[in-house]
Amino acid sequence: MDNKPSLSQYFGDKEVPPASQFFDEIGTSPSDMVQSIYLGEPEGNVSANQTTTNNLFPQNMSVSFTQHKTSEEMTFTNVLPTVSGSTAVPAASLPDPSTFFDTIGPEPQIAPTKPSIATPTVLAEAMDGLSIKNQPVDKEADRRRDAWIPNDEAKKTLMKAQSSPKGSFFPEREVLTMPGLILEEELADALQEVAVKYLGVSSAGSRGVVRAEHVSRDEAGLRELLRTGYLRAAINLTHVLISAAGQGVGRMHRPTKHTPRSLQLWLTRFAVMLRIKLTDPLLKEAEPFGDFSKPDMFYEFYPDSYDNRTGSLVPFSLRLLVAELPAHVGKPDEAVDRLYAMLDVIQTMLSNLREGKTEDGSATITETDKTESIRLWMGRETRVMHSLVNCAIAMKDYRQAARILSTLQQQASSAGARRAACSALCRLWLLAGHVRAATACLDAARDARHHICPTPDVREYVDMGLIDIAHGKYQDAYNNFARAADQEPTNIMVANNLSVCLLYMGRLKEAIAVLQKAINSDPERGLNESLLINLCTLYELESSKTNEKKLNLLRMLCKYKSDTIPNVLECLKL
Amino acid sequence: MDPKDVVEHLVALKVMRLTKPALISPKIVTCDSKDLPGNILNNYLKDDATSVTQMETLAAGQFLLLPQSFGNIYLGETFSCYVCVHNETNNPVQSVSIKADLQTNSQRILLTTQQNLSPTMLDVDETLSDVIHHEVKDLGTHILVCEVTYMSNYNTLASFRKFFKFEVMKPLDVKTKFYNAESDDVYLEAQVQNITSGPIILEQVSLESSQQFNVKSLNEINDGMSVFGDVTLLQPQESCQYLYCLTPRENISKEIKLLAAAKNIGKLDIVWRSNLGEKGRLQTSQLQRMTPDYGDIRLTFEKLPSKVSVEEPFDFQCKIVNASERTLDLILKLRSLQDSSLLWCGISNKKLGPLEPGQSLYISLTALPINTGLCNISGVSLLDLFLKRTYDYDDIASVFVC
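Reading the values: rules and limits
- Residues numbered from 1 in each chain as written.
- Chains lettered and ligands numbered in written order.
- Predicted model: local features only at pLDDT ≥ 70, side-chain atom pairs only at ≥ 80, totals over all residues.
- Heavy atoms only, no water.
- Helix = DSSP H or I, 4+ residues; strand = E, 2+ residues; numbered from the N terminus.
- Buried < 20%, exposed > 50% of the residue type's maximum accessible area, 1.4 Å probe, protein only.
- Contact = heavy atoms within 4.5 Å.
- Areas by Shrake-Rupley, 256 points an atom, 1.4 Å probe, with all protein chains shown as cover.
- Rg over C-alpha atoms; globule rule 2.2 N^0.38 Å.
- Patch = residues over 30% accessible without salt bridge, like charges linked within 9 Å, V, L, I, M, F, W, Y side chains within 5 Å.
- Salt bridge = Lys/Arg side-chain N within 4 Å of Asp/Glu carboxyl O.
- Pairing = 2+ DSSP bridges.
- Core = buried A, V, L, I, M, F, W, Y, C linked by side-chain atoms within 4.5 Å.
- Domains from an automatic or database assignment.
- Axes fitted to C-alpha atoms, helices over the stretch in contact; angles between N-to-C directions.
- UniProt positions renumbered as here; feature names shortened; annotations may be inferred.
- Buried area = accessible area lost by both parts, 1.4 Å probe.
- Phe/Tyr/Trp six-rings, centres within 6.5 Å; stacked < 30°, edge-to-face > 60°.
- Lys NZ or Arg CZ within 6 Å of the ring centre and 35° of its normal.
- Parallel < 35°, antiparallel > 145°, perpendicular 65-115°, else oblique.
- Left-handed = near helix turned anticlockwise from the far one by under 90°.
- Polar contact = N/O pair within 3.5 Å; in protein donor to acceptor, adjacent residues only side chain to side chain.

By the naming in an unreviewed UniProt entry, chain B is SFRICE_006086, taken from Spodoptera frugiperda.

With an unreviewed UniProt entry as reference, chain A is termed Trafficking protein particle complex subunit 12 isoform X1, source organism Spodoptera frugiperda.

Participant: It is not clear to me how the overall build of chain A should be interpreted in this structure. Could you clarify?
Facilitator: When its secondary structure is counted, chain A shows 28 helices and 2 strands. Out of the 574 residues in chain A, the part that is buried amounts to 59%. Of all intrachain contacts in chain A linking residues separated by at least 6 positions in sequence, the fraction that spans at least 24 positions is 68%. Carbon and sulfur atoms make up 53% of the accessible area of chain A, which totals about 22,500 Å².

Participant: Explain the overall build of chain B here, please?
Facilitator: Helix and strand content of chain B: 4 helices and 31 strands. Here the C-alpha radius of gyration of chain B, 35 Å, is well above what a compact globule of 402 residues would show, namely 21 Å. The buried share among the 402 residues of chain B stands at 50%. Sequence separation of 24 or more characterises 70% of the internal contacts of chain B that already satisfy a separation of 6 or more.

Participant: It is not clear to me how unusual backbone geometry should be interpreted in this structure. Could you clarify?
Facilitator: Glycine aside, the phi torsion of most residues is negative, and most peptide linkages are trans. Positive phi outside glycine occurs at H253 of chain A, with the angle close to 65°. Along the chain, H253 of chain A falls in the loop between α12 (231-244) and α13 (260-275). Under the relative-accessibility criterion, H253 of chain A is labelled partly exposed at 47%. Residue D395 of chain B is not a glycine yet carries a positive backbone phi of 55°. Secondary-structure assignment places D395 of chain B in the loop between β30 (389-393) and β31 (397-401).

Participant: Looking at this model, I keep getting lost on a nonpolar patch on the surface. Mind explaining?
Facilitator: A surface patch of nonpolar side chains, about 260 Å² in accessible area, is lined by I221, M225 and V227 of chain B. By secondary structure assignment, the location of M225 of chain B is in the loop between β15 (213-217) and β16 (233-234).

Participant: Got a minute to help me understand the sheet that holds strand β22 (residues 307-308) of chain B in this structure?
Facilitator: By way of backbone hydrogen bonds, the strands of a sheet pair with one another, either parallel or antiparallel. All names here are of chain B. If you walk across this open sheet you meet the 3 strands as β22-β31-β28, and the pairing is mixed. Sheet topology places β22 and β28 (373-377) at the edges, where each strand pairs with a single neighbour. Examined bridge by bridge, β22 and β31 share 2 bridges and lie parallel to one another. When the bridges of β31 are listed, K307 appears paired with F400.

Participant: What exactly am I supposed to notice about the nonpolar core here?
Facilitator: Counting residues in hydrophobic clusters, the biggest one holds 172 residues, and the most contacted among them are F270, W377, W429 and L503 of chain A. Taken together, domain 1 (3-18 + 68-169) and domain 2 (172-288) of chain B each give at least three residues to this core, which thus spans both. Those residues in contact with W429 of chain A that lie beyond four places of it in its chain are Y398, A402, H434, A437, A438 and C441 of chain A together with V231 and L233 of chain B. By size, the runner-up hydrophobic cluster in this structure holds 56 residues, among which are V148, F166, I265 and W272 of chain B.

Participant: Please explain the pairing of strand β27 (residues 360-369) of chain B as it appears in this structure.
Facilitator: A regular strand places its side chains so that they alternate between the two faces of the sheet. Residue and element names in this part refer to chain B. When strand β23 (residues 314-322) meets β27, the two strands line up antiparallel, connected through 8 bridges. Bridge pairing links C318 to I363 in β27. Relative to β27, strand β25 (residues 342-345) runs antiparallel, the two sharing 4 bridges. Bridge assignment links W344 to a residue of β27, and that residue is A367.

Participant: Help me out: how do you make sense of the sheet that holds β15 of chain B in this one?
Facilitator: All names here are of chain B. Spatially, the 4 strands line up as an open sheet ordered β12-β13-β17-β15, and their pairing is antiparallel. Each edge of the sheet is formed by a strand with only one pairing partner; in this case those strands are β12 (172-180) and β15. Each neighbouring strand pair of the sheet contributes to a mean axis angle of 25°, computed without reference to strand direction. Sheet analysis places β15 next to strand β17 (residues 239-248), joined by 5 bridges and oriented antiparallel. Looking at β17, one finds that V215 is bridged to L246.

Participant: Looking at this structure, how should I read the UniProt feature "domain: Trafficking protein particle complex subunit 13 C-terminal" (unreviewed entry) in chain B?
Facilitator: Within this numbering scheme, the UniProt entry marks residues 305-401 of chain B as carrying the feature "domain: Trafficking protein particle complex subunit 13 C-terminal" (unreviewed entry). When the span residues 305-401 of chain B is considered, its composition is 0% helix and 60% strand, and the gap between its end C-alpha atoms is 10 Å.

Participant: What am I meant to see in the interface of chain A and chain B here?
Facilitator: Interfaces are often sized by the accessible area lost when the parts come together. The interface is formed by 102 residues belonging to chain A together with 74 residues belonging to chain B. Buried surface at the junction of chain A and chain B, both sides included, amounts to about 8,000 Å², of which 58% is carbon and sulfur. Where chain A packs against chain B, one counts 3 salt bridges. Here R380 of chain A makes a salt bridge to D32 of chain B, at a shortest N to O gap of 2.6 Å. If you tally residues by element for the side of chain A that touches chain B, the top one is helix α26 (residues 529-542) of chain A, at 9 residues.

Participant: Is there a simple way to think about the UniProt feature "repeat: TPR" (unreviewed entry) in chain A in this case?
Facilitator: Residue and element names in this part refer to chain A. Sites flagged by UniProt as "repeat: TPR" (unreviewed entry) map to residues 458-491 and 492-525. This span, residues 458-491, is 79% helix and 0% strand, and a straight line between its end C-alpha atoms measures 9 Å. In residues 492-525, the share of helix is 88% and the share of strand is 0%. The end C-alpha atoms are 7 Å apart.

Participant: What am I meant to see in the domain arrangement of chain B here?
Facilitator: Residue and element names in this part refer to chain B. Once the domains are mapped, chain B shows domain 1 (3-18 + 68-169), domain 2 (172-288) and domain 3 (297-401). For domain 2 versus domain 3, the separation of C-alpha centres amounts to 36 Å. Ranking the residues of domain 2 by area buried against domain 3 places E182, I256 and K257 at the top, with a combined share of 83%. Salt-bridge contacts for R298 lead to D184; the nearest nitrogen and oxygen are separated by 2.7 Å.

Participant: Got a minute to help me understand the pattern of salt bridges in this structure?
Facilitator: Pairing of side chains with opposite charge becomes possible as their charged atoms draw close. In the structure shown here, the tally under the stated rule is 43 salt bridges over all chains. A salt bridge links R161 of chain B to E147 of chain B, with the nearest nitrogen and oxygen atoms 3.7 Å apart. With R161 of chain B in strand β11 (residues 157-169) and E147 of chain B in strand β10 (residues 140-151), this residue pair connects regions lying 14 residues apart in the sequence. Residue classification places R161 of chain B among the partly exposed positions, given a relative accessible area of 42%. Two residues, E189 of chain B and K177 of chain B, come together in a salt bridge whose shortest N-O distance is 3.8 Å. Taken together, the residues span a long stretch of sequence, with E189 of chain B in strand β13 (residues 186-194) and K177 of chain B in strand β12 at a distance of 12 residues. Residue class for K177 of chain B comes out partly exposed when judged on its relative accessible area of 46%. Among the charged side chains, a network of salt bridges with common partners joins E140, R143, R144, E359 and D369 of chain A.

Participant: What am I meant to see in the packing of aromatic side chains here?
Facilitator: The relative placement of two aromatic rings is captured by the distance of their centres and the angle of their planes. Tallied over the full model, the rule gives 18 aromatic pairs over all chains. With centroids separated by 4.8 Å and ring planes inclined at 75°, the aromatic side chains of Y299 of chain A and Y306 of chain A adopt a geometry described as edge-to-face. Residues Y299 of chain A and Y306 of chain A agree in their burial class; the two are buried. On the basis of an interplanar angle of 90° and a centroid distance of 5.8 Å, the ring pair of F316 of chain A and W377 of chain A is categorised as edge-to-face. In this pair, F316 of chain A sits in helix α15 (residues 316-328) while W377 of chain A sits in helix α17 (residues 367-394), placing the two residues 61 residues apart along the sequence. Comparing F316 of chain A with W377 of chain A shows no difference in burial state: the two are buried. Members of the aromatic cluster, each reached through a chain of ring pairs, are F169, Y299, F301, Y302 and Y306 of chain A. The ring centre of F70 of chain B lies 5.0 Å from the NZ or CZ of R17 of chain B, which sits over that ring.

Participant: Just to check I follow, could you spell out the packing of helix α16 (residues 332-354) of chain A against α17 of chain A for this structure?
Facilitator: When two helices pack together, their arrangement is given by the angle between the helix axes and by the axis-to-axis distance. Residues and elements named next belong to chain A. The interhelical angle for the contact between α16 and α17, taken along N-to-C directions, is 160°, at an axis separation of 9 Å. When the axis of α16 is compared with that of α17, the two are roughly antiparallel. Judged by the sense of rotation from one axis to the other, the crossing of α16 with α17 is left-handed.

Participant: For this particular structure, what's the right way to read the environment of S387 of chain A?
Facilitator: Residues and elements named next belong to chain A. Looking at the element boundaries, S387 is found in helix α17. Under the relative-accessibility criterion, S387 is labelled buried at 1%. Along the primary structure S387 and A341 are separated by 46 residues, whereas in three dimensions their C-alpha atoms are 13 Å apart. A polar atom in the side chain of S387 sits 2.4 Å from the side chain of E324.

Okay, structure coming up:
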């Protein structure tokens, strides 16, 4: 038991303090609902966290975790999602589950032990999620997080599964979800490849390869690759893990066993593929899942394994990701249909909850449970609505986007949320070219801002600058961006906008200088895809001898970034 | 451009069209903190310079991205571009100057640069640059011609040109319809259709009337709110219909000749905006209506009630205008048609006396409705004694009987 990767790390969550979760647990009052989808603000107290994290390893962690050395190279990004307006919790006092998970990977471990991959039986056992049974489990939290209402078709099958005597339920092929890997080849480190091609083997180094080979071949290793930005290597590792779970290449359209773990692996794979824009294989691999409405996506389908557990095995983020998928390949209208179907289920669940019942309406729940659930699901509802706005923007259907955003704005319960929505509406109208409406929204945002702070902040100055740009007043826009830069001299976005203004004002050399300074002052954030595109556009406008400058950027990328940029060549216009 | 060409010259010329920049957002991929990737992907999103703090999951960013393609350009928009000359050598280059022309199908326009008209010296790695603006007033092919002149190494003036071709397209389709009302008012219906490839906002649509008319826009409700609501956003191919009422100015409405000649209605002035406020403005040519043919005599009813009671006589006035060139001698006849719901009260075959050209005459008439419903007023005839010709006026107006 001790040397198996324990699923309870991700699914059992007794040890995990609730203060700092992304969707579900932010804030303490229902008024924080909308903000609960915000990603919070980085908090910097790394050293304090290192110590807490060390103390936090529970005793039943796998061998690879407890093996010493863990504290040596913890450069984790500790993030405590705080909500503006709500009480901020000091980072040191609350171990964040993200730090907790993100740092357990054995950093420099030159891998003598790869226990999980060694014996298939051990692996299979671990995958069944059996280990969950030995863990203290917060059943309410599980139910809340996994809740989903099956459609009528699936309900029938689930009834059958539940009522059949043990061992006598044999589902039809049609009710099964049968995924399999499509993308076969191992992905190479893209940045590395470009570097080798343009800079030669010596300057490119060989960091990526080493990194990918020296993480443990399990979830911890996967997280390690993600955290250090070796995204293509992470995809390769999901390939290994999913194959081991019996859903590898060639397994598509063949019956298979789903576990929460296998779906978490798919989620990780899909999320990373989406990030680096591997949309074609992603679409194909996501296709067998459909809209996750098959009965085998529900716990009730497996009465023997998940006694009394309800809801879906599918993580909400995976459901959302796959629903949004068509929008990333130029079919936002299809995504809209899927997202509205999701919204419908969520709203049914919310109305059940408001009546004091569980999400699926099958039982009654306590008041605290109800409050928690409503908070979680309203946060998810808002997240879906954001996706709908994003699809509408992608379709340039600004009317629809504005309609949804206005709803969000009206529902906003705090000044901060209202302000954020008004500010977003302002920019939405700018996209459409409706300068008058944008100005009105900016005024509304300013009113809301007065409840938070007396003087304009970066966001407001930037919005003002954007409106100036719409009016073609680049000098005014420049001045506004400059005021924003006074407040946050290291803000990359502000520097970028200053640079764009300078170009429109006929000051190319200065525009280039501003961007270069921004990159040099904060290479990690400054080496952003869009900023690189802007800078290379300016280089190309300036002179026909741009190659050396672009290669310098490539060298910086190699130094400061790992394999996170979807298309390096495109960014650098090489 | 042939690369050899570039090598031959000491300076290089680059041109970039400055359409409005775009607002960009990151790829939004998030997870629950309890999912396998934990907050790692969320943190990527949050740390992305293009995401908006606390609104990371919404793709309405604040990060400006420079235009990455030439894009479309439409009549009425402003063509802006950045022209840049760069010293590509390791020595200063003397007497560098840029000249830009825009050639259309019909004309050649010298684009005025803000500065840099006089030749300058370009030091090593220095640039000479300028932003050019030009409001596009022609359709079809345009060619931007940029000419760079500089002092070559042999102390002679060298120059080269670059050509940039683009098509100017029509952004809007405007269809108009006119209705000439009895009251001499003219109603104009203008349908403005977006024929660009993206959505546009109609920021202003107004009718500048000609000297002969006063205009009243019928597109707002009492408090100045547009009937189209907040937004006049037109998706590609969508159109919006505007309605205007034009009343002839007093000096014109009095004179039937002038009224008949008042063809010019006015011009529609349209201002629209698209992506990030890119602005365009068009004015139509003078809109012309078909004037009604009044013939020799124009007969209209005035002070006619819209609603009358059955079997109660009602009064109204009949206006007769001599639109001919001669004096008219007329007889008014009132005929009772067979299935008419109205009976005339008063004298038929009444002589109206001589009517000078351009003059008008009012007669009071009384009628008795005998059936309910909407009744046409029919049966008025005028007999021209000189030509022995009868003019019948049927169905000129209606009245509701209840």
